[in-house]
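Residues per chain are reported as follows:
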Amino acid sequence: MSALITVENLTLKFKTDEGLITAVDDVSFSLDKGEVMGLVGESGSGKSVTAKALMHLNASNAVYTPESKITLHTEDGPVDVLSLKTPRQLNVVRGGAVSMIFQEPMASFAPAISIGKQMVEQLLLHSDMNKARAKEVSIEMLDRVGISDASSRFAQYAFELSGGMRQRAMIAMALSTRPNLLIADEPTTALDVTIQAQVIDLMKDLVDEFHMGIIFITHDLGVVAQTADKVNVMYLGRMIEEGPVREVIRNPKHPYTQGLLNALPKLDDLDSPLEPVPGDIPSPLERPPGCVFNTRCSQVVGSQCMSKMPRDVNVDDTHKVACHIYSEGAA
Amino acid sequence: MSDDILIKAKGLSVGFQIGSSIFNKQVLKAVDNVSIEIEKGSFFGLVGESGSGKTTLGRALLKAVPITGGGAHYSDGEVAYDLETIGKEDLKDYRKRAQLIFQDPYAALSPRMTVRDIIAEPLEVMGLTKNRTETDERVREIAAKCRLNLEHLRRFPHAFSGGQRQRISIARALVSAPKFIVADESVAALDVSIQADVLNLLKQIQAEMGLTFMFISHDLSVVAHTCDHVAVMYLGRLVETAPTRDLFNSPKHPYTKALFSAIPSLDPDDRGKAQKLEGEIPSPTNQPTGCKFHTRCPHAIDICKSKEPQLEKAAKGHEVSCHRWKELMDLVPA
């Protein structure tokens, strides 16, 4: 399989009144065509910012270090995403080769423009279809994602649809330009479990059909287990563990990944107490020195956790973890 | 009525009038003929999708929306009120005894008030303390109980993370020393690592202060871990109610079963086994006839479309409203 997008040494800081705030720190990963990657972490871990960087969509006060490199492999050759400047160039990654589905389906449609008009608009922008053809394609797509009576829904406004419908329409819109990469930022978090199950099923079918890559951002490990091929876990801007989904969920190595799994209520054992990860994620203004997780870690092995950033250690060929427990020389 | 029941709702209904013209008046029944009993000192879970009426039922029990049919009786040993007819003075007293914790800790706290002022406001509004020293003392006591750092009391909410904010909301709800608390999706907006922490805190406080909780959630796994008794709602009706363990070991209603199987499994090899529910919850203005669930039920037969099922006793404390629950027990192994 060929790589679809590669991210190398991505470091991203935001210029604010309080100084430079590090949001993403030296993150590297790659995604193949037809692969689904789960990006997991709690609020403030930098997962959304990382995803937005792939579309060069972060606010104008974002500063990328010179070592940061994001390469998108399209049919027309590789694109260096971070070097794109003009709106015309950026169109390639914004809605063209890369599409994004946002968390809150109510907020991501313009309320005063019909769903159909919004779908047609982006098709006109990203392809050479005429208006009539774009309408046809949009209705086909709405039908494909399971919206009944698609041609009348086409003329409706976002507030006329239920939450699940809106998220389906959002997916239809994101996919109608046939992107190579779909970024889904917490697409099911705002939905009921029954609707979430339907949307997850739909997305799985669509990966098979369109053979695109998906980056699935979520904090729900259950959703990841049901959708992803591989998982990357982020904490405070660092990638702390990555590997195939079965490996990471059955055999988590990093104390944070283990903590996340333990904190989940388990249905097969109602008596087991819930074990939260102690404390809160530190503010990005107060990044701890050494390992970023040392303020909440229950398995600190020694002074190196407080002073030295742990390097990636290979558990096996595909499973990597950044923790001093597994570093050479550590007990 | 036995002494250990705190709230007893009987045939409780809440309707909202919609449509503006006199020709176009319609009543939207958000809660329809619901009877429940909440035991003192228990954690009562209320489960259902958006639009099932769970939030409205919670608010009706707090007398925050008007009760339009049936009634609810509150009795904590000191006072007893009939909520459907409660008077103005009694209502003021009831407000001290029954409190609400909201879903979104980012929206529920005023950004212009310090944490101390937020927690103290109920005391001042209800006139529960005599002077500032007493108020401060009470605020510090409750803040410590909710594991808030006392030095943080002078800060504003924006300086806190989601978990900390939710602890502030909890402190505000507890400061008037209530007996009954409705927690409406109180952990839904939190990260899993924090969610477990807040749930543990709620349980601990409940045990320490002898509180009664109504815990509203759409997340069955959270409810399973916290609640003693669970009621499942669909389109304003109660479809099943049972002690937690009973409900989880042998769910009877097809809707309850579907809710269970929709929870994403942590096992990556367990994909796609779930029994999926088709479609969405119908609009409450255009409710189906007969059993409200028949439009989505995989087991619906003719009688389900015409006749509305009543709650039947299935086991001790376990009631279900389905025409076919007995047959289905043999049909589908739980």
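Residues numbered from 1 in each chain as written. Chains lettered and ligands numbered in written order. Predicted model: local features only at pLDDT ≥ 70, side-chain atom pairs only at ≥ 80, totals over all residues. Heavy atoms only, no water.

Looking at this model, I keep getting lost on the overall build of chain A. Mind explaining?
Helices and strands together make up the secondary structure of chain A, namely 13 helices and 13 strands. For chain A, whose C-alpha radius of gyration is 21 Å, the value lies close to the compact-globule estimate of 20 Å for 331 residues. If you line up chain A on its principal axes, its C-alpha atoms span 65 × 50 × 40 Å. The buried share of chain A, reckoned over its 331 residues, is 55%. In chain A, the proportion of contacts linking residues at least 24 apart, taken out of those at least 6 apart, comes to 64%. About 14,200 Å² of surface is accessible on chain A, with carbon and sulfur atoms providing 50% of the total. Taking the 30 positively charged and 42 negatively charged side chains of chain A as two groups, their mean positions are separated by 5 Å. (Helix = DSSP H or I, 4+ residues; strand = E, 2+ residues; numbered from the N terminus. Rg over C-alpha atoms; globule rule 2.2 N^0.38 Å. Buried < 20%, exposed > 50% of the residue type's maximum accessible area, 1.4 Å probe, protein only. Contact = heavy atoms within 4.5 Å. Areas by Shrake-Rupley, 256 points an atom, 1.4 Å probe, with all protein chains shown as cover. Lys, Arg positive; Asp, Glu negative; His and termini not counted. Charge placed at Lys NZ, Arg CZ, Asp CG, Glu CD.)

I keep staring at the sheet that holds strand β7 (residues 180-184) of chain B and nothing clicks. Help me out?
Strand pairing in a sheet is mediated by backbone hydrogen bonds. Such pairs are either parallel or antiparallel. Residue and element names in this part refer to chain B. Read from one edge to the other, the open sheet built from 8 strands follows the order β6-β7-β8-β3-β9-β10-β12-β11, with strand pairing classed as mixed. With one partner strand each, in any of the chains shown, β6 (98-101) and β11 (312-315) form the two edges of the open sheet. Averaged over all neighbouring strand pairs, the angle between strand axes comes to 20°, with direction disregarded. Where β11 meets strand β12 (residues 318-320), 3 bridges bridge the pair, whose relative direction is antiparallel. Following the sheet pairing, alanine 315 is matched in β12 by histidine 318. Along the sheet, helix α1 (residues 54-61) contacts β3 (43-47), β6, β7, β8 (212-217) and β9 (229-234); its crossing angle with β8, the most-contacted strand, is approximately 155°. Each of β6 and β7 touches helix α2 (residues 88-97); the most contacted strand, β6, lies at about 50° to it. (Pairing = 2+ DSSP bridges. Axes fitted to C-alpha atoms, helices over the stretch in contact; angles between N-to-C directions.)

What exactly am I supposed to notice about a negative patch on the surface here?
A contiguous patch of negative charge, built from Asp3, Asp4, Glu39 and Asp228 of chain B, is present on the exposed surface. Among the secondary structure elements, aspartate 228 of chain B is positioned in the loop between α7 (220-226) and β9. (Patch = residues over 30% accessible without salt bridge, like charges linked within 9 Å, V, L, I, M, F, W, Y side chains within 5 Å. Salt bridge = Lys/Arg side-chain N within 4 Å of Asp/Glu carboxyl O.)

Where do I start with the packing of aromatic side chains in this structure?
Each aromatic ring pair is described using two quantities: the centre-to-centre distance and the angle formed by the ring planes. Residue and element names in this part refer to chain A. Overall, the coordinates contain 13 aromatic pairs over all chains when judged by the stated rule. Ring plane angle 55° and centroid distance 4.7 Å describe the contact between tyrosine 235 and tyrosine 256, whose orientation is recorded as tilted. Within this pair, whereas tyrosine 235 is found in strand β10 (residues 230-235), its partner tyrosine 256 is found in helix α12 (residues 255-263), the two being separated by 21 residues in sequence. Assigned by exposure class, tyrosine 235 and tyrosine 256 land together as buried. Chaining the aromatic ring pairs together yields one cluster made of Tyr235, Tyr256 and Phe293. (Phe/Tyr/Trp six-rings, centres within 6.5 Å; stacked < 30°, edge-to-face > 60°.)

Mind showing me how you'd approach the layout of surface pockets here?
All names here are of chain B. When its volume is computed, the second largest pocket comes out at roughly 690 Å³. As for the second largest pocket, its lining consists of 26 residues, and the residues nearest its centre are Ser35, Ile36, Glu37, Thr241 and Glu319. Among the elements of the structure, β1 (5-18), β2 (26-39), β10 (237-243) and β12 are those that each provide at least two residues to the lining of the second largest pocket. Ranked by residue count, the leading element in the lining of the second largest pocket is β2, at 6 residues. Counted by class, the lining of the second largest pocket contains 9 nonpolar, 9 polar and 8 charged residues. (1 Å grid on protein atoms, 1.4 Å probe; cavity = no way out; pocket = protein on both sides within 12 Å on 5 of 7 lines; lining within 4 Å. Points joined across faces, edges and corners; volume = space filled by probe spheres on them. Nonpolar A, V, L, I, M, F, W, Y, C, P; charged D, E, K, R; others polar.)

Whenever I open this one, the nonpolar core confuses me. Can you help?
Most often, soluble globular proteins have nonpolar side chains that are buried together. Counting residues in hydrophobic clusters, the biggest one holds 66 residues, and the most contacted among them are Ile119, Ile170 and Phe215 of chain B. Among the elements that line this core, the one with the most residues is helix α6 (residues 192-209) of chain B, at 7 residues. Excluding residues within four positions of it along the chain, isoleucine 170 of chain B makes contact with Ile101, Cys146, Val198, Leu201, Leu202 and Ile205 of chain B. Among the nonpolar cores identified, the runner-up in size contains 64 residues, and Ala172, Ala184, Leu261 and Ile281 of chain A belong to it. (Core = buried A, V, L, I, M, F, W, Y, C linked by side-chain atoms within 4.5 Å.)

Mind showing me how you'd approach the interface of chain B and chain A here?
When the parts of a complex come together, some accessible area is lost, and that lost area is often taken as the interface size. Counting residues at the interface gives 41 residues for chain B and 46 residues for chain A. Area buried by chain B at its contact with chain A is led by His225, Leu266 and Arg271 of chain B, which between them contribute 19% of it. Inspection of the chain B/chain A interface yields 3 salt bridges. Across the salt bridge formed by arginine 246 of chain A and aspartate 269 of chain B, the nearest N and O atoms sit 2.6 Å from each other. When contributions to the side of chain B that touches chain A are tallied by element, the ones reaching two or more residues are α5 (162-174), α6, α7, α8 (244-249) and α9 (254-262) of chain B. Among the elements that make up the side of chain B that touches chain A, the one with the highest residue count is α6 of chain B (8 residues). The residue makeup of the side of chain B that touches chain A, split by class, is 16 nonpolar, 12 polar and 13 charged. (Buried area = accessible area lost by both parts, 1.4 Å probe.)

Looking at this structure, I do not really get the sheet that holds strand β9 (residues 213-218) of chain A. What am I missing?
Residues and elements named next belong to chain A. The sheet built from 8 strands is open, its strands ordered β7-β8-β9-β3-β10-β11-β13-β12 with mixed pairing. Strands with a single pairing partner mark the edges of an open sheet, and in this sheet they are β7 (98-101) and β12 (312-314). The mean inter-strand angle of the sheet, taken between neighbouring strand axes irrespective of direction, is 20°. Looking at chain direction, β12 and strand β13 (residues 320-322) are connected through 3 bridges and run antiparallel. Directly across from aspartate 312, in β13, lies its bridge partner alanine 322. Each of β7 and β8 (181-185) touches helix α8 (residues 163-175); the most contacted strand, β7, lies at about 175° to it. α12 rests against β3 (36-40), β10 and β11 (238-244) of the sheet, and its axis sits at about 105° to β10.

Hey, could you run me through the pattern of salt bridges in this one?
A pair can form between side chains of opposite charge whenever their charged atoms are brought close. Residues and elements named next belong to chain B. Enumeration according to the criterion identifies 28 salt bridges over all chains in this entry. Here aspartate 117 and arginine 116 are joined by a salt bridge, their closest N and O atoms 2.9 Å apart. Judged by its relative accessible area of 10%, arginine 116 is buried. Here the salt bridges do not stand alone but share partners, grouping Asp76, Glu78, Asp93, Arg97 and Lys179 into one network.

Please clarify how the side chain of threonine 244 of chain B should be interpreted in this entry.
Residues and elements named next belong to chain B. With respect to the secondary-structure elements, threonine 244 resides in helix α8. Judged by relative accessible area, which is 5%, threonine 244 ranks as buried. Engagement of the side chain of threonine 244 in a polar contact is seen with the backbone oxygen of cysteine 227, the distance being 2.6 Å. Setting aside anything within four residues of it in sequence, one finds threonine 244 in contact with Val223, Ala224, Cys227, Asp228, His229 and Val230. (Polar contact = N/O pair within 3.5 Å; in protein donor to acceptor, adjacent residues only side chain to side chain.)

Is there a simple way to explain a nonpolar patch on the surface in this structure?
A cluster of nonpolar side chains, namely Met106, Tyr157 and Phe159 of chain A, defines an oily patch on the protein surface of about 290 Å² accessible area. Examined against the element boundaries, tyrosine 157 of chain A turns out to sit in the loop between α7 (150-153) and α8.

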